[in-house]
Amino acid sequence: MKKSRENENEIFMQKAIDLSLDGMNSDDGGPFGAVIVKGGEIIAQGNNQVTSENDPTMHAEIVAIREACKKLNTFDLSGCTLYTSCESCPMCLGAIYWAHLDRVYYANTKEDAAQIGFDDAFIYEELSLDKNKRKLLMQQMSRREAIEVFQKWEEKEDKIIY
């Protein structure tokens, strides 16, 4: 049984790697691919489409998460596993946590990605800084008006918690 599980993992990872190569060769975007598996079957897949879609959020993991959520008609991907050709960036990692995926397998590391020009270290560094010391100007405004919406959310009886 364990040998079968290992072989299954290798098959799913190879599919993610194949998607990374196919997407790169078709000029969709960078060399990244991902598949989402549930119950031993691929339910969604994606490759990086940042440059072809002119959308910086179209990373392979995000594309796959969006497809899986549509297919399963849910925003909660508990019970699913992600196979990705590279360790996820901070944006994708955030989406993975929000989607409640059970497990992530990755092939290349973030250090491997940095060596070919996809270096996310600056984002991790920025996140660890006080907001006032970040390169991106962040200024709070209109909190009083916005907090009223939060209060209404808190009181809303038919809200869907996620």
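What this report covers is the structure whose coordinates are included nearby. (Residues numbered from 1 in each chain as written. Predicted model: local features only at pLDDT ≥ 70, side-chain atom pairs only at ≥ 80, totals over all residues. Heavy atoms only, no water.)

**Describing the nonpolar core**
- Core analysis: the biggest nonpolar cluster contains 22 residues, and I36, I65, L77 and L101 have the highest contact counts within it.
- Elements that contribute at least two residues to this core include exactly β1 (33-38), β2 (41-47), α3 (60-72), β3 (80-86) and α4 (90-99).
- With six residues, α3 is the largest single contributor of residues to this core.
- When residues no more than four places from it in sequence are discounted, the contact partners of I36 are E41, I42, I43, A44, A64, I65, A68, L77, C80, T81, L82 and L101. (Core = buried A, V, L, I, M, F, W, Y, C linked by side-chain atoms within 4.5 Å. Buried < 20%, exposed > 50% of the residue type's maximum accessible area, 1.4 Å probe, protein only. Helix = DSSP H or I, 4+ residues; strand = E, 2+ residues; numbered from the N terminus. Contact = heavy atoms within 4.5 Å.)

**Regarding the packing of α3 against α4**
- Remark: α3 packs on α4, axes separated minimally by 9 Å, with the N-to-C direction vectors making an angle of 25 degrees. The angle between the axes of α3 and α4 places the two elements in the roughly parallel class. Seen along the crossing, α3 lies across α4 with a hand that is left-handed. Counted together, E61, I62 and I65 of α3 and M91, C92, A95, I96 and A99 of α4 form the full contact between these two elements. (Axes fitted to C-alpha atoms, helices over the stretch in contact; angles between N-to-C directions. Parallel < 35°, antiparallel > 145°, perpendicular 65-115°, else oblique. Left-handed = near helix turned anticlockwise from the far one by under 90°.)

**Thoughts on the layout of surface pockets**
- Looking at the largest pocket, its volume works out to about 380 Å³.
- Lining the largest pocket are 22 residues, and of these F32, H59, C89, F118 and D120 lie nearest its centre.
- Counting only elements with at least two residues in the lining of the largest pocket, the list comes to α2 (50-53), β3, α4, α5 (110-115) and α6 (121-128).
- In terms of residue class, the lining of the largest pocket is made up of eleven nonpolar, six polar and five charged.
- One number sums up the size of the second largest pocket: a volume of about 190 Å³.
- If you trace the second largest pocket, you find it lined by R5, E8, N9, F12, V37, G40, G79, T81, Y83, D102, R103 and Y105.
- Of all the secondary-structure elements, those providing two or more residues to the lining of the second largest pocket are α1 (2-25), β3 and β4 (103-108).
- When residues in the lining of the second largest pocket are grouped by element, the largest group, four residues, is from α1.
- Here the lining of the second largest pocket is built from residues that sort into four nonpolar, four polar and four charged. (1 Å grid on protein atoms, 1.4 Å probe; cavity = no way out; pocket = protein on both sides within 12 Å on 5 of 7 lines; lining within 4 Å. Points joined across faces, edges and corners; volume = space filled by probe spheres on them. Nonpolar A, V, L, I, M, F, W, Y, C, P; charged D, E, K, R; others polar.)

**Observations concerning the side chain of S20**
- Within the secondary structure layout, S20 lies in helix α1.
- Residue S20 is classed as buried on the basis of its relative accessible area, which comes to 8%.
- S20 has contacts with P31, F32, G33 and S85, leaving out every residue within four places of it along the chain.

**With respect to the pattern of salt bridges**
- Counted by the stated rule, this structure contains two salt bridges.
- Here E145 ties to R144 by a salt bridge, and the two come within 3.3 Å at their closest N and O atoms.
- A relative accessible area of 42% means that E145 is categorised as partly exposed.
- The residue D158 makes a salt bridge to K156 at a minimum N-O spacing of 2.7 Å.
- A relative accessible area of 57% means that D158 is categorised as exposed.
- Look at K156 and you get partly exposed, because its relative accessible area is 37%. (Salt bridge = Lys/Arg side-chain N within 4 Å of Asp/Glu carboxyl O.)

Read these as layout, nothing more, since geometry by itself doesn't imply function.
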